[in-house]
Amino acid sequence: MNTALKHWREAATVILAAGLRHTPIADSFKTGLEKVKNIAHKSAFDYQVLLLKRSGNSGFMPNAYVFPGGLVDASDFSSEWQDIFKSFTKAPNYGIGVVKQPPETRPPIFATDRAKLGSPIPGDVAFRICAVRETFEESGVLLAVPKHEESGIPVHTDDACDSDTQPTLTRLSGLWDKDVLSKWRSLVIGNSANFIKMCKELQCLPNIWALHEWGNWLTPIGLDGKQRRYDTAFYICCLNDIPHTLEDEKEIVHFKWATPSEVLHSYKAKEMWIAPPQFYDLGRICQFPALQDLHRFAWKRSLEGCEHWLPIPLKASDCFASIFPGDVLYPEKVDPSGTSGGVMKTEKRLEELQRDSANLHRIVWQDLYTITIQMNITPKYNHLSPLCGTDVDNPSKDHSKL
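The rules behind each value
Residues numbered from 1 in each chain as written. Predicted model: local features only at pLDDT ≥ 70, side-chain atom pairs only at ≥ 80, totals over all residues. Heavy atoms only, no water. Axes fitted to C-alpha atoms, helices over the stretch in contact; angles between N-to-C directions. Helix = DSSP H or I, 4+ residues; strand = E, 2+ residues; numbered from the N terminus. Parallel < 35°, antiparallel > 145°, perpendicular 65-115°, else oblique. Left-handed = near helix turned anticlockwise from the far one by under 90°. Contact = heavy atoms within 4.5 Å. Buried < 20%, exposed > 50% of the residue type's maximum accessible area, 1.4 Å probe, protein only. Pairing = 2+ DSSP bridges. Nonpolar A, V, L, I, M, F, W, Y, C, P; charged D, E, K, R; others polar. Salt bridge = Lys/Arg side-chain N within 4 Å of Asp/Glu carboxyl O. Polar contact = N/O pair within 3.5 Å; in protein donor to acceptor, adjacent residues only side chain to side chain. pLDDT = per-residue confidence, 0-100. Core = buried A, V, L, I, M, F, W, Y, C linked by side-chain atoms within 4.5 Å. 1 Å grid on protein atoms, 1.4 Å probe; cavity = no way out; pocket = protein on both sides within 12 Å on 5 of 7 lines; lining within 4 Å. Points joined across faces, edges and corners; volume = space filled by probe spheres on them.

(A) Quick peek at the packing of helix α4 (residues 123-139) against helix α5 (residues 178-190). Following both chains from N to C, one finds α4 and α5 inclined at 110°, their axes separated by 9 Å at the closest point. By the angle class used here, α4 and α5 are roughly perpendicular. Taken as a pair, α4 and α5 cross one another with a handedness that is left-handed. Together, R133, F136, E137, E138 and S139 of α4 and L181, W184, R185, V188 and I189 of α5 make up the contact between the two elements.

(B) Structural context of the pairing of strand β13 (residues 361-365). Taking burial as the measure, the five residues of β13 include five buried ones, the bulk of the element. Pairing of strand β11 (residues 320-323) with β13, which is carried by four bridges, proceeds in the antiparallel orientation. Considered in β13, the bridge of S322 is made with I363. Sheet analysis places β13 next to strand β14 (residues 371-375), joined by five bridges and oriented antiparallel. Following the sheet pairing, V364 is matched in β14 by T372. Following β13, the chain reverses through five residues before pairing antiparallel with β14.

(C) Broad picture of the environment of G326. Mapped onto the elements, G326 comes out in the loop between β11 and β12 (344-345). Along the backbone, G326 and T378 are 52 residues apart, and their C-alpha atoms lie at a distance of 8.9 Å. Those residues in contact with G326, other than ones at most four positions away along the chain, are N359, H361 and I377.

(D) Molecular detail of the packing of helix α7 (residues 260-268) against helix α8 (residues 276-285). Two elements in contact, α7 and α8, have axes separated by 9 Å at closest approach and are oriented at 140°. Here α7 lies oblique to α8, going by the angle between them. Crossing handedness for the pair α7 and α8: left-handed. Across the interface between the two elements, P260, V263, L264, Y267 and K268 of α7 pack against F279, L282, G283 and I285 of α8. When grouped by side-chain class, the residues that make up the contact of α7 with α8 number seven nonpolar, one polar and one charged.

(E) Broad picture of the pattern of salt bridges. A full pass over the atoms with the stated rule returns 13 salt bridges. A salt bridge links D76 to R133; the shortest N-O distance between them is 2.9 Å. Taken together, the residues span a long stretch of sequence, with D76 in the loop between β4 (69-71) and α2 (81-84) and R133 in helix α4 at a distance of 57 residues. The same class applies to D76 and to R133, which are both buried. A salt bridge links D124 to R106, with the shortest nitrogen-to-oxygen separation between them at 3.6 Å. You can see D124 sitting in helix α4 and its partner R106 sitting in the loop between α2 and α3 (108-111), a full 18 residues away along the chain.

(F) Structural view of the side chain of D327. With respect to the helices, strands and loops of the structure, D327 is situated in the loop between β11 and β12. We classify D327 as buried; its relative accessible area is 4%. From its side chain, D327 meets the backbone nitrogen of H361 in a polar contact 2.7 Å long. Of note is the side chain of D327, whose polar atom sits 2.8 Å from the side chain of R362. Not counting chain neighbours up to four residues away, the residues in contact with D327 comprise N359, L360, H361 and R362.

(G) Representation of the confidence of the model for the chain. Residues at a pLDDT of 70 or more form 82% of the chain, whose mean pLDDT is 85. The model gives residues 22-41 a pLDDT under 50, and that stretch makes 25 contacts with residues more than four places away or in other chains. Here residues 397-402 scores under 50 on pLDDT; set against residues more than four positions off or in separate chains, the count is 17 contacts.

(H) How the structure looks around the nonpolar core. If you look at the biggest cluster of nonpolar residues, it comprises 52 residues, and the most contacted ones within it are L16, W81, F85, F195, L211 and Y235. At eight residues, the largest contribution of residues to this core is made by α4. L51, L169, F288 and A298 belong to the second largest nonpolar core, which has 42 residues in total.

(I) Looking closely at empty space enclosed by the protein. The tally for this structure, following the rule as stated, stands at two cavities of 30 Å³ or more. In this model, the largest cavity occupies a volume close to 110 Å³. Along the walls of the largest cavity sit 18 residues, with I96, R128, H156, S302 and L303 positioned nearest its centre. For the lining of the largest cavity, the elements supplying multiple residues, two or more each, are α4 and β7 (212-218). A breakdown of the residues in the lining of the largest cavity according to their chemical character gives eight nonpolar, six polar and four charged. Reported here for the second largest cavity is a volume of approximately 80 Å³. Surrounding the second largest cavity, W214, G215, N216, W217, R284, C306, E307, W309, P379, K380, Y381 and H383 form its lining. In terms of residue class, the lining of the second largest cavity is made up of six nonpolar, three polar and three charged.

Below is the structure:
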């Protein structure tokens, strides 16, 4: 266990975006974005994202739609992965590259020296393995590369020109029969360590290079202070086409492929519920109606790093808010364990809070479905501000500040 994060359980998740092929809207992007400025939100994007509905019996966020992902397992840090990734052990971080972010500002989930915890597998690699494994378990989508294709894997190197070389959209291998994958999926769901055995037998590697670092979310202390606490590494992966998808019939009861704006509209129409991280990150992705642009951004930004986000709850007289780093109300000193401090309270109303705050970076809601993002600061590490409201329907404009 990572003692630096003993109050949280480590996890990894992936935002899976996949292209819509053979559609008029996809073809129109070839002639320029201007032609699709005013198209309705359901067709303003040439790709969809995957969300999975958690079971009503889940101990954490029951009935919520979430991105694929889950808890890290000891097997994700197993030394056996060294043999599977043998061709990449000499490359920087197995070819996924080394971030530019200074070590002292790097989130603990990434900065922790895993060798001191007994694993030769870098955290940046293990969390990607976890994200690939959990995506396979929960949706049946296997992000893997056949061993015989490893020479063609696009990797990050120490070369400064590397950032100018963008790989193509990720394509899933059709090498394995559905029955074979179904058998292994059941085995992996039963025991995470079987994921290593599967990769050995099928002669494949988890496609850790297709996953680009996106963020780091920590579960805040709730009003009752009793919910489970997770420190989650967020990645993004862009696929050329929507793959065959399944539920795991255990934790996941339904899956949904939809455009980012369609998800946000469905949420506000109370047709589905998503948690704040999903709302915020879908708003970020709405900056890019074209998948190729999203992919280019994610690839180039992936070595910049990310912030360590522990939202601080604020209860006002007429609303509830989550305060993020950079906001004028965010405490100067935050207990890294998250066991003290709790919920901040104020008698001010939403209008007063907004007027009295120079720097805004917060999510505000009146109820579970009435939610807005207030942000007027520049994101760190070359990241994006999220779009919200009517901007989601017209994502081609430049909205650097909300």
